[in-house]
Amino acid sequence: MNPDEILHFWFKELTKKQWFEKDTALDRHISERFADYHAAATRGELFDWRKTAKGRLAEIIILDQFSRNMYRDQPQSFASDAMALVLAQEAVRTKADQALSNMQHRLFLYMPYMHSESDIIHEVALTLFDQPGLEENLDYEKRHKQIIDRFGRYPHRNEILGRTSSAEELDFLKQPGSSF
């Protein structure tokens, strides 16, 4: 297993549009091609990758992004979020994020912060995304944070996670841009 394979796939084989759109064919492709990587990452077996910033980034992409593709609309799509966040937090604490000069790489290292349902984590995320090259993503982070500030969670996850939605959340979900 090699982190370069993950980074090449994510940053060279895919387009920016593919990173964020729902595409069942791509989801299936990621599941078929990277299932072994994902299983190893969720078991914590890719710890050697954390010796480099790019290796840590590759592990975070597997846990944070591939999970969303492989398990779209299933509870497992969020099951590795906490692990991805801890890896990202450790990268920031040790300044490993600063070793990534490509801002798209930093974006995906920071993405677990944006996916968190913690208001404390979003306070940190505002700082992380507030740097040159991530301006567009700072806007998305602000929008995510507004949802967390209002509801304490992402209402669009409620049905998937078996959570009961409040009337206010159900009204919110009817609005354009209510889910990501």
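Residues numbered from 1 in each chain as written. Predicted model: local features only at pLDDT ≥ 70, side-chain atom pairs only at ≥ 80, totals over all residues. Heavy atoms only, no water.

As annotated in an unreviewed UniProt entry, the chain carries the name Membrane protein and comes from Thalassospira profundimaris.

S.K.: Quick question: what am I supposed to make of the domain arrangement of the chain here?
M.R.: When the parts come together, some accessible area is lost, and that loss is often what is quoted as the size of the interface. You can read the domains of the chain as domain 1 (1-105) and domain 2 (116-179). Every contact between the two is made by ten residues of domain 1 and, on the other side, ten residues of domain 2. Buried area between domain 1 and domain 2, both sides added, is near 860 Å², and the carbon and sulfur share of it is 69%. Counting every contact that joins domain 1 to domain 2 gives one salt bridge. Between domain 1 and domain 2 we count zero residue pairs in polar contact (both at pLDDT 80 or more) in total. Broken down by element, the residue count for the side of domain 1 that touches domain 2 peaks at four residues, all from helix 5 (residues 81-93). Each residue belonging to the side of domain 1 that touches domain 2 can be placed in one class, and the counts come to five nonpolar, two polar and three charged. (Domains from an automatic or database assignment. Contact = heavy atoms within 4.5 Å. Buried area = accessible area lost by both parts, 1.4 Å probe. Salt bridge = Lys/Arg side-chain N within 4 Å of Asp/Glu carboxyl O. Polar contact = N/O pair within 3.5 Å; in protein donor to acceptor, adjacent residues only side chain to side chain. Helix = DSSP H or I, 4+ residues; strand = E, 2+ residues; numbered from the N terminus. Nonpolar A, V, L, I, M, F, W, Y, C, P; charged D, E, K, R; others polar.)

S.K.: Any chance you could explain the nonpolar core here in plain terms?
M.R.: One broad rule of soluble globular proteins: the nonpolar side chains tend to lie buried together. Counting residues in each nonpolar core, the largest one holds 45 residues, and the members touching the most others are Ile6, Trp10, Ile61, Phe66 and Phe108. Within the residue set of this core, elements represented by two or more residues are helix 1 (3-13), helix 3 (24-42), helix 4 (53-70), helix 5, helix 6 (103-115) and helix 7 (119-129). With nine residues, helix 4 is the single largest residue contributor to this core. Split by domain, the residues of this core number at least three in each of domain 1 (1-105) and domain 2 (116-179). With sequence-adjacent residues up to four places away left out, phenylalanine 108 is seen in contact with Trp10, Phe11, Trp19, Phe20, Leu57, Ile60, Ile61 and Gln65. Within the second largest apolar cluster, five residues are counted, among which are Ile147, Ile148, Phe151 and Tyr154. (Core = buried A, V, L, I, M, F, W, Y, C linked by side-chain atoms within 4.5 Å. Buried < 20%, exposed > 50% of the residue type's maximum accessible area, 1.4 Å probe, protein only.)

S.K.: Just checking my understanding: could you explain the layout of surface pockets for this structure?
M.R.: One simple way to see leftover space: roll a probe sized like a water molecule over the atoms. Taken as a whole, the largest pocket encloses approximately 890 Å³ of empty space. Lining the largest pocket are 33 residues, and of these Trp19, Phe20, Gln65, His115 and Phe180 sit closest to its centre. Of the residues that make up the lining of the largest pocket, three or more belong to each of domain 1 (1-105) and domain 2 (116-179). Roughly 160 Å³ of volume is contained in the second largest pocket. Contributing to the lining of the second largest pocket are Leu7, His8, Phe11, Lys12, Lys16, Trp19, Lys54, Asn102, Gln104 and His105. Within the residue set of the lining of the second largest pocket, elements represented by two or more residues are helix 1, helix 2 (16-20) and helix 6. (1 Å grid on protein atoms, 1.4 Å probe; cavity = no way out; pocket = protein on both sides within 12 Å on 5 of 7 lines; lining within 4 Å. Points joined across faces, edges and corners; volume = space filled by probe spheres on them.)

S.K.: Please explain the side chain of serine 80 as it appears in this structure.
M.R.: Turning to its location among the elements, serine 80 is positioned in the loop between helix 4 and helix 5. For serine 80, a relative accessible area of 7% translates into the label buried.

S.K.: In this structure, what is going on with the packing of helix 5 against helix 6? I would like to understand it.
M.R.: Between helix 5 and helix 6, the shortest axis-to-axis distance is 8 Å and the interhelical angle comes to 125°. Compared by their axis directions, helix 5 and helix 6 come out oblique. The chirality of how helix 5 crosses helix 6 is left-handed. Residues Asp81, Ala84, Leu85, Ala88, Gln89, Ala91 and Val92 of helix 5 touch helix 6, and the partners they reach there are Leu109, Tyr110, Pro112, Tyr113 and His115. Residue composition of the contact of helix 5 with helix 6, grouped by class: nine nonpolar, two polar and one charged. (Axes fitted to C-alpha atoms, helices over the stretch in contact; angles between N-to-C directions. Parallel < 35°, antiparallel > 145°, perpendicular 65-115°, else oblique. Left-handed = near helix turned anticlockwise from the far one by under 90°.)

S.K.: Can you walk me through helix 7 in this structure?
M.R.: What sets the pattern is the α-helix's 3.6 residues per turn: residues three or four places apart point alike. Within helix 7, the full set of buried residues consists of Ile121, His122, Ala125, Leu128 and Phe129. Along the long axis of helix 7, the arc covered by the buried residues comes to 110°, so they all point the same way. Projecting away from the buried face of helix 7 at angles above 90 degrees are the exposed residues Ile120 and Thr127. The elements touched by buried residues of helix 7 are helix 5, helix 6 and helix 8 (135-151). N-capping of helix 7 is provided by serine 118, with a side-chain oxygen placed 3.3 Å from the backbone N of isoleucine 120. (Arc of directions from axis to C-beta.)

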